[in-house]
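# Summary of the model geometry
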Amino acid sequence: MGVYLVQFLSGLASASALFLAASGLSIIFGVTRVVNFAHGSFYMLGAYFGYSLVHQLGGGALGFWVALLLASLAVGLVGLVVELVILRRLYHAPELFQLIATFGVILIVQDLAFLTWGAENLLGPRAPGLTGIVRIFGVPMPTYDLALIAIGPLVLGGLWLLFNRTRWGVLVRAATEDREMVGALGVNQSLLFTGVFVLGSMLAGLGGAIQLPKGDANLLMDFGILAEVFVVTVVGGMGSIFGAFLAAVLISELNTFGILVWPGGTLVLMFILMAVILVVRPTGLLGRPETIGQKAETGAVQVVLPAGAHYKIFVALLLALLAATPLLVDDFILVLITDILVLALFATSLHFLMSTGGLVSFGHAAFYGGGAYAAALLVTYAATPFELAVLLAPLGAGLLALIIGWFCVRLSGVYFAMLTLAFAQVAWSIVFQWSDVTNGDDGLLGIWPSPWASDSLTFYYLTLVLALAGIFLIRRVIFAPFGYGLRATRDSGLRAAAIGIDIKRQQLAAFIFAGAMAGLAGGLFAFSKGSVFPDEMSIPRSFDALLMVLLGGVESLSGPVVGAAAFTWLHDELITFEYWRLLVGLTIVALVLLFPQGLGGAARHYLGRYLKLETSPGELPSAGAGREQRA
Amino acid sequence: MGMKNLLGTAVLAAALAISGAAWAQETIRIGDINSYKSLPAHTIPYKQGAELAIEQINAKGGVLGKPLELISRDDQGKPGEAVRYAEELFSKEEVVLVSGSLFSHVGLALGAYAGQKKRIYLAAEPLADSLVWAEGNRYTFRLRPSTYMQAAMLAEAAAKSGAKRWATIAPNYAYGKDAVAAFKEVLKAKVPDVEFVGEQWPALFKIDAAAEAQALEALKPDGIYNVTFGSDLAKFVREGTLRELFKDRTVLGLLTGEPEYLDPLGAEAPVGWIVTGYPWYDIDTPAHNAFLKAYQDKYDDYPRIGSLVGYNAMLSIAAALEKAGSTDTEALVAAFKDLELDSPSGPITFRAIDHQSTMGAWVGVTAVKEGKGVMVDWTYEKGADYLPPDDVVRKLRPANGG
């Protein structure tokens, strides 16, 4: 009896820190519609600031709690800077840009924290006066846990008062309902957004600070908390504070009791719960469907046009150059270009989903890794020959996309994106933990091509042929009736439905196709490196793909190829510096702010007009397909 | 304008990269790949140890009449990147071999690469048993005592402790699973009537320490075998101590005594755990004293286990080059087999049978002195004593004969 009660209370205690971090994210999203990936970094900074301030202030219980509050304020200041310098310029940009920009912030904060606090984990200070235990039915229970249990509802109550009893809170709620209307009524929106962002950052910082007496401050906290915080936010319903609280408690209790029943199920349980809840309630426990003010994920919609004559010549020249490359360069460059080709296919598949389908996937690496694992598992367990395994990789990934897509296409917009992210995490945890089959973290090794294809030169040509075939197939699909149908679902659901397009089925098919193509890239990757590890499915991998698409520009079809090349090249150049993460982060932020069209888009904008890289609308074969307006 | 700036930066970056690579041709280049940014607390000491060794070797005239040069790359903790850098180091930088890495999966990827491309990889720190056994190959060697060896050392201590009911807690991934499996296997062989009453598998770096401590307490074991490390360990020690989990129990901690893991715990380090680790403050041999002094003089910091491994790795490479008399890969492979050398941690042999070195580990009991966790009553256990018999090793290593 006592054991279960204490277990339950422990669950409530861990729910508190989780709730603080998640509520911050939820509030920020609710008002500004920014999916703030740097939220984990704010949580981490809260812990580090807390550590330093407690040691600075010293002096008993009062000093301790004051230090935690100051840490929260300090994180709020960091949030203020991030909002003013970066996000403020991006509120009208597509959400993808905000996402990538906050990802850049993660990298910057990682290196700055490392520079400031060093590499070693910093053990959190204990709370003076709360270091002991109380006995509940004879079972020891740390007193600090009791304090944590109180803090969660206290903050929740405070937030409720703030949002319901102050003018500022009322405005924030109004902005959550309808941003345009609030703006039209003369409320200073930027001030409101800044305030909300600072509040959210402070909550994350407080969350990181109050867990110190139970743990430490370390450099892995940012990504560590991220998945969990997103699950809580999505399960609770994005923008709902009460939902976040409910979800935090639910998930913490599930973890706490799950350990007793299924010790090996840690990590997976949480995602299973999320999938179940989202199937029953697609917008989360207390979330409301997005209605007004929903905007395009991918930005202003422009009609993509088939390649013009000059562009075809340009592509032909490029192909000739690629075919002749082995005569010109050494083995390493060849390996590098092989990598670029694989990534180009991966990025193109995501780009297809985003630009033509209007579906932004945050978890596209699931299919890249899925393809890699499909090939590797076939080789490992069925002794499948290399040639067959490469061709079956897209099939395996497509199957995975069918399962994940079935859940995801029921949602749209940010919910869709969050769900893809969550499912990618499920896939990752399964691969990571189901070591009897996947060999877990140690990966599957010895996935080499057949002897005839194993030298760098042959494998380069093989990759060239397969990756280009994939890219051209994607291009072909975009200009096939299926692609036009998909664009219809993106541009106007109502009209598409009216002319008889089954929207969800169309989207699902696109999702599967994109997944399969990512899988082909993954299969090629597996054979080029000789091994596969869960990393290929992880969140940063998904971000690599988004970054490549962004670098190349969402609007241009050749963008992802340019993006993959630029990504690999930039990465290789910057990585030689000691503080490469800082540099990469700053580069990302700069690119987002300076080149909102991406490199490919910018190039097309400045050069395309003169070089006639695409057919002008007038030359289009089908009449009447001029520039469309979004419905 | 922005484009111009970007190009300027890029040109500058390229220029810097080239000027770095063009330095000195008359050196023997050694490739070094490690996760310098993912786990800096471990990899920075490693690099410092390696650089100290290189400096000392070069001060004595280098190897084969040429100075050694270490060329480092950061794999960002990603196996795919590590393989790419290995390719780059061999074909562009013309290194004679690649060494380093900390994460097991990165090490395994590099091992597989080495086997396929017939290039040498000296795994310095990765612990995975399969690196030299199930996935072992002719071109991969490993320096640090493996998971199996360190688990076997603790299993011996467990057998001596007399505790019969054991519970285990380990991070839910490959290393944790190997560590538990090896411990169970060796302990069962030593004490047939031992009982394993439960296993806890927290997710790596996501431990719910309160719940785990509670769950372990409910099993009422005599002994607890802990494999958690890093921030998981800090949380587990805190909750376990508060909830009286460690009271009157034998607790074993794999790697817990290594400064990388023990030092962050400060005065809250567990007391009375039997652990493997590295009591650098207490080892009094001429070789180690010289190493310690040189390290502290150069870096104004104390060595971690990573420093020692990095130092020994470079000594091993230099010894192999001397023995081979050339930088030829096949000659080096032959030289590494049964290579013997002296190191600050005592004599080391790279076994011909499985390419595992016999570098050992220190086993002792944790205590807190002057607000810091330390190991006391320790002994140095030789690696050779904790490896399975040769016929078993041959079965574990299908690629043998290489």
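Since the model is a prediction, treat every value here as computed from it, not as a measurement.

So, on to the overall build of chain A. In terms of helices and strands, chain A carries 25 helices and 6 strands. Computed over the C-alpha atoms, the radius of gyration of chain A is 25 Å, within 12% of the 25 Å expected from 2.2 N^0.38 for a compact globule of 631 residues. Each of the three principal axes of chain A carries a C-alpha extent, and together these read 75 × 60 × 50 Å. Residue burial in chain A is summarised as follows: out of 631 residues, 57% are buried. A separation threshold of at least 6 residues defines the contact pool for chain A, and within that pool the share at least 24 residues apart is 80%.

Glancing now at the confidence of the model for chain A. Per-chain confidence: chain A averages 86 in pLDDT, with 92% of residues scoring 70 or above. This stretch, residues 615-631 of chain A, has a pLDDT under 50; its non-local contacts, to residues over four places away or in other chains, come to 16 contacts.

With that out of the way, let us pick up the pairing of strand S12 (residues 346-350) of chain B. All names here are of chain B. Bridge count between strand S11 (residues 339-343) and S12: 5 bridges; the pairing is antiparallel. Bridging across to S12, glutamate 340 finds its partner in threonine 349. The hairpin formed by S11 and S12 contains 2 residues between the paired strands.

To continue, consider helix H3 (residues 60-85) of chain A. Residue and element names in this part refer to chain A. Taking 1.5 Å per residue, 26 residues should reach 38 Å; H3 reaches 38 Å between its end C-alpha atoms and fits that length. What H3 keeps buried is the set Phe64, Ala67, Leu68, Ala71, Ser72, Ala74, Val75, Gly76, Val78, Gly79, Val82 and Glu83. Packing partners of the buried residues in H3 comprise helix H2 (39-57), helix H4 (95-117) and helix H8 (189-210).

It is worth spelling out the interface of chain A and chain B at this point. Contact residues are listed per partner, giving 56 residues for chain A and 60 residues for chain B. Of all the secondary-structure elements, those providing two or more residues to the side of chain A that touches chain B are helix H1 (2-32), strand S1 (122-123), strand S3 (139-142), helix H10 (241-261), helix H13 (331-356), helix H16 (413-433), helix H23 (559-574) and helix H24 (580-594) of chain A. Looking at which element gives the most residues to the side of chain A that touches chain B, the answer is H1 of chain A, with 6 residues.

The next subject is the environment of leucine 546 of chain A. Residue and element names in this part refer to chain A. If you trace the backbone, leucine 546 turns up in helix H22 (residues 539-552). According to the C-beta neighbour criterion, leucine 546 is buried, with 23 such atoms within 10 Å. Through-space distance from the C-alpha of leucine 546 to that of alanine 347 is 7.4 Å; in sequence the pair is 199 residues apart.

Quick look at the sheet that holds strand S9 (residues 250-257) of chain B now. Residue and element names in this part refer to chain B. Read from one edge to the other, the open sheet built from 7 strands follows the order S7-S6-S8-S9-S10-S13-S14, with strand pairing classed as mixed. The strands lining the two open edges of the sheet, one partner per strand, are strand S7 (195-200) and strand S14 (372-381). For this sheet, the mean inter-axis angle between neighbouring strands, taken without regard to orientation, is 25°. Sheet topology note: the strand S13 (residues 361-369)/S14 ladder contains 8 bridges and is antiparallel.

We now examine the nonpolar core. Ile100, Val231, Ala248 and Ala375 of chain A together with Leu110 of chain B are the most contacted members of the largest nonpolar core, which has 347 residues in total. Not counting residues up to four positions away in its chain, the partners in contact with alanine 375 of chain A are Ala389, Val390, Leu392, Ala393, Ile447, Gly523, Ala526 and Phe527 of chain A.

With a phi close to 50°, phenylalanine 137 of chain A is a non-glycine residue in the positive phi region. As for its position among the elements, phenylalanine 137 of chain A is in the loop between strand S2 (133-136) and S3. Backbone geometry at glutamine 76 of chain B places phi at a positive 60°, although glycine is not the residue there. Along the chain, glutamine 76 of chain B falls in the loop between strand S2 (68-74) and helix H3 (79-91). Under the C-beta neighbour-count criterion, glutamine 76 of chain B is labelled buried, with 20 such atoms within 10 Å.

Residue and element names in this part refer to chain B. Taken N-terminus to C-terminus, the directions of helix H2 (residues 40-59) and helix H10 (residues 286-299) make an angle of 105°; their axes are 11 Å apart at the nearest point. Taken as axis vectors, H2 and H10 run roughly perpendicular relative to one another. Between H2 and H10, the residues in contact are Gln48, Leu52 and Gln56 and Ala294, Tyr295, Lys298 and Tyr299, respectively.

Residues and elements named next belong to chain B. Taken in spatial order, the 5 strands line up as S2-S1-S3-S4-S5 in an open sheet, and their pairing is parallel. Two strands close off the open sheet at either side, each with one partner strand: S2 and strand S5 (140-142). If you compare each strand with its neighbour and ignore which way they point, the axes differ by 25° on average. In this sheet, S2 lies alongside strand S1 (residues 28-34) in parallel orientation, the contact comprising 7 bridges. Of the residues in S2, the one forming a bridge with isoleucine 28 is leucine 68. Of the strands in this sheet, S1 and S2 are in contact with H2, which crosses S2 at around 165°.

It is worth spelling out the packing of helix H5 (residues 143-165) of chain A against helix H6 (residues 167-177) of chain A at this point. All names here are of chain A. Interhelical geometry of H5 versus H6 gives an angle of 85° and a closest axis separation of 5 Å. As summarised for this structure, H5 and H6 are arranged roughly perpendicular, according to the angle between their axes. Taken together, the residues of H6 that come into contact with H5 (itself represented by Leu162, Phe163, Asn164 and Arg165) are Gly169, Val172 and Arg173. Of the residues belonging to the contact of H5 with H6, the class tally is 3 nonpolar, 2 polar and 2 charged.

For an α-helix, the turn length of 3.6 residues means that residues three or four places apart are oriented alike. Residue and element names in this part refer to chain A. Here H22 contains 14 residues, and its C-alpha end-to-end distance of 20 Å stays within 8% of the 20 Å for a straight helix at 1.5 Å per residue. Counting buried positions along H22 yields 13 of 14 residues, so the element is predominantly enclosed. Positive backbone phi, approximately 100°, marks glycine 553, located one or two places after H22.

This part takes up the pairing of strand S6 (residues 165-169) of chain B. Residue and element names in this part refer to chain B. Summarising burial for S6: 4 of the 5 residues are buried, a large majority. Chirality of the crossover, the property in question, places the unit of S6, helix H6 (residues 174-190) and S7 among those that are right-handed. Sheet topology note: the S6/strand S8 (residues 223-226) ladder contains 4 bridges and is parallel. Within S8, the position partnered with tryptophan 166 by the bridge is glycine 223.

On to the environment of alanine 399 of chain B, then. All names here are of chain B. Here alanine 399 shows up in the segment after helix H13 (390-396). A residue is classified by how many C-beta atoms lie within 10 Å of it, and alanine 399, with 17 of them, is partly exposed. Along the backbone, alanine 399 and arginine 138 are 261 residues apart, and their C-alpha atoms lie at a distance of 7.7 Å. Not counting chain neighbours up to four residues away, the residues in contact with alanine 399 comprise Gly136 and Asn137.

Procedures and definitions
Residues numbered from 1 in each chain as written. Chains lettered and ligands numbered in written order. Predicted model: local features only at pLDDT ≥ 70, side-chain atom pairs only at ≥ 80, totals over all residues. Helix = DSSP H or I, 4+ residues; strand = E, 2+ residues; numbered from the N terminus. Rg over C-alpha atoms; globule rule 2.2 N^0.38 Å. Buried ≥ 20, exposed ≤ 12 C-beta atoms within 10 Å, placed from the backbone. Contact = placed C-beta atoms within 7 Å. pLDDT = per-residue confidence, 0-100. Pairing = 2+ DSSP bridges. Expected span 1.5 Å × (residues − 1). Axes fitted to C-alpha atoms, helices over the stretch in contact; angles between N-to-C directions. Core = buried A, V, L, I, M, F, W, Y, C linked by C-beta atoms within 7 Å. Parallel < 35°, antiparallel > 145°, perpendicular 65-115°, else oblique. Nonpolar A, V, L, I, M, F, W, Y, C, P; charged D, E, K, R; others polar. Right-handed = clockwise from strand over helix to strand, strands pointing away.

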